[in-house]
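Residue strings, one per chain:
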Amino acid sequence: ADCKATWQSTIGRAHEQLSELRAKLSGVETDARKRQQDAAALERRKAELAERLEALAQDESRHALLRRELSSIRQELEEKEAALRQQEEAISAEAKLVQSVKEVMREEASIIEAQADMIEAALSEAEALEMRRHVLSVVRSHHSARAGERRDCPPPPAGGGPCRCCWHADFMGGSRTRGRAGHDVDLLLWHATEPNSWGEGEEACVLLPLLRELLLPAGGATGPGLLPKEEARLQLVRRPHAEKQRRDADGARAYLPRRKAAAARDRGSDILHGDWHDKAYGIWRNTAGRHRRIDIVVVAFPDELPYARLNWTGSRTLNRLLRHRAIQLGLHLTANGLTAHPPTGRGRQETTVVLDARPGRERVEVALVGHAPVPDCTSEEEVLRVLAGGTDAFAGIYDPLMRNA
């Protein structure tokens, strides 16, 4: 019985201890579960933090990119602002320049208007003669230097003809058809035996050395002389010397233009200024500071003088009519000559030209082969007589004063 009581007591204490152990185990299991739950929550928290860190890293990368873009935009803006400032400065400087140019142009316009008024004003006989005298004195001075002796003969006596040793200057254009000076001066320079050029180069001609001496220095120099290109219009038309020497097989100078087939409305209206004489067109300033237009024409060859006189005397309408008349006769008239122009076709065709068919005189005809020049025309009168079929039907315009109609 005692042993039983002891075992029962022992078993009771064991059950109590077991209950305590079970309670402790339950507490441990509860703690373990709680720890597991805390660990899981911690893992979730860590995952959330990792995601946030990754997002922050991505945001930082984006922020860095944005910062770089912002820096680039700021730099670009600064460069554009600097460029705009430079443009504004350039525009301001250009505006100032434009304003100064406008002022200069207004001043030049007023000067040009004053010059235009002077240019269009009537030219006195004394002014025209002084301009011719000055030009002719330079030409004769150069001629004397080339010849090695003085070539400056005095004017011929009344009724006498010009000398054959000197260069001469004749008034052309309106001055010749009106018999008095107009508002400009047209001068025809010619020599009885010498051409206007005798070789290549600037010194081997009449016109270029003449212009070099007549040209005034820029800056408002006093006259007399030609205004330079910086101050007024100055146009030079000069043909090569070698081209003027060429001849065709028919004897005509090669530069004499061949009239091309033209429509009926264009017949007789050849270009009136397309000749081979050397020419200069400019503005003359006299000693009083007044400005005048001046045209200087230097005859290419002595035998072309009648044609140059006829062309540069005018009028333009008369020139067209005379050229149309030449076409009717199978001829071609220019400021350099009168040549045959047979109908187009094969072979060397002949053109019959009547040189003289006046009453009481022996009839004179000549047959020209190809484009040969008309011979024996040494004056305007003889040229006009050929165009009149050898008669004096055009005698009414032998006198230049009758060519204004």
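Shown above is the structure to which this text applies.
Note that residues are indexed from 1 along each chain, following the sequence as it is written. Only residues with pLDDT of at least 70 are given local features in this predicted model, and only at 80 or more are side-chain atom pairs given and counted; all residues enter the totals for whole chains, interfaces and linings. As a convention, hydrogens and water are excluded, and side-chain values are obtained from all of the structure's heavy atoms.

**Regarding the packing of helix H2 (residues 125–147) against helix H4 (residues 207–214)**
Okay, step 1: All axes here are fitted lines through C-alpha atoms, helices being fitted over the stretch that makes contact, and every angle between N-to-C directions spans 0 to 180 degrees. A run of H or I in DSSP counts as a helix once it spans at least four residues, and a run of E counts as a strand once it spans at least two, with each numbered from the N terminus. Axis separation between H2 and H4 bottoms out at 10 Å; the angle between their running directions is 125°. One way to sum up the angle between H2 and H4 is to call them oblique. Here the hand of the crossing between H2 and H4 comes out right-handed. Residues His134, Val135, Val138, Val139 and His142 of H2 touch H4, and the partners they reach there are Pro209, Leu210, Glu213 and Leu214.
Okay, step 2: Throughout this entry, Asp, Glu, Lys and Arg are counted as charged residues, while Ala, Val, Leu, Ile, Met, Phe, Trp, Tyr, Cys and Pro are counted as nonpolar. The remaining residues, Gly among them, count as polar. The residue inventory of the contact of H2 with H4, partitioned by class, reads six nonpolar, two polar and one charged. In these notes the angle categories are as follows: under 35 degrees is roughly parallel, over 145 is roughly antiparallel, 65 to 115 is roughly perpendicular, and the rest is oblique. Working rule for handedness: look at the near helix, and if it is turned counterclockwise from the far one by less than a right angle, call the crossing left-handed; if clockwise, right-handed. We call two residues contacting when some pair of their heavy atoms lies within 4.5 Å.

**Observations regarding the pattern of salt bridges**
Okay, step 1: Between Lys or Arg on one side and Asp or Glu on the other, a salt bridge is scored when a side-chain nitrogen of the former is within 4 Å of a carboxyl oxygen of the latter. According to the stated counting rule, one finds 26 salt bridges in the structure shown.
Okay, step 2: A salt bridge links lysine 244 to aspartate 278; its shortest N-O distance comes to 4.0 Å. Placement of lysine 244 in helix H5 (residues 241–245) and of aspartate 278 in strand E5 (residues 278–285) is noted, with a sequence separation of 34 residues between them.
Okay, step 3: Here's how the labels work: a residue is buried when its accessible area is under 20% of the maximum for its type, exposed when over 50%, partly exposed in between, all with a 1.4 Å probe on protein chains only. For lysine 244, a relative accessible area of 1% gives the class buried.
Okay, step 4: For the salt bridge of aspartate 275 with lysine 279, the shortest nitrogen-to-oxygen distance reads 2.7 Å. By the burial criterion, aspartate 275 is buried, and lysine 279 matches it.
Okay, step 5: Here the salt bridges do not stand alone but share partners, grouping Glu127, Arg290 and Arg292 into one network.

**Quick word on the packing of helix H6 (residues 305–313) against helix H8 (residues 380–387)**
Helix-helix packing: each pair is described by the crossing angle between the helix axes and the interaxial distance.
Okay, step 1: Two numbers describe how H6 lies on H8: the axes approach to 8 Å, and their chain directions differ by 80°. Put simply, H6 runs roughly perpendicular to H8. Contact residues: H6 offers Pro306, Tyr307, Arg309, Leu310 and Thr313, while H8 offers Glu380, Val383 and Leu384.
Okay, step 2: Taken together, the residues that form the contact of H6 with H8 break down as five nonpolar, one polar and two charged.

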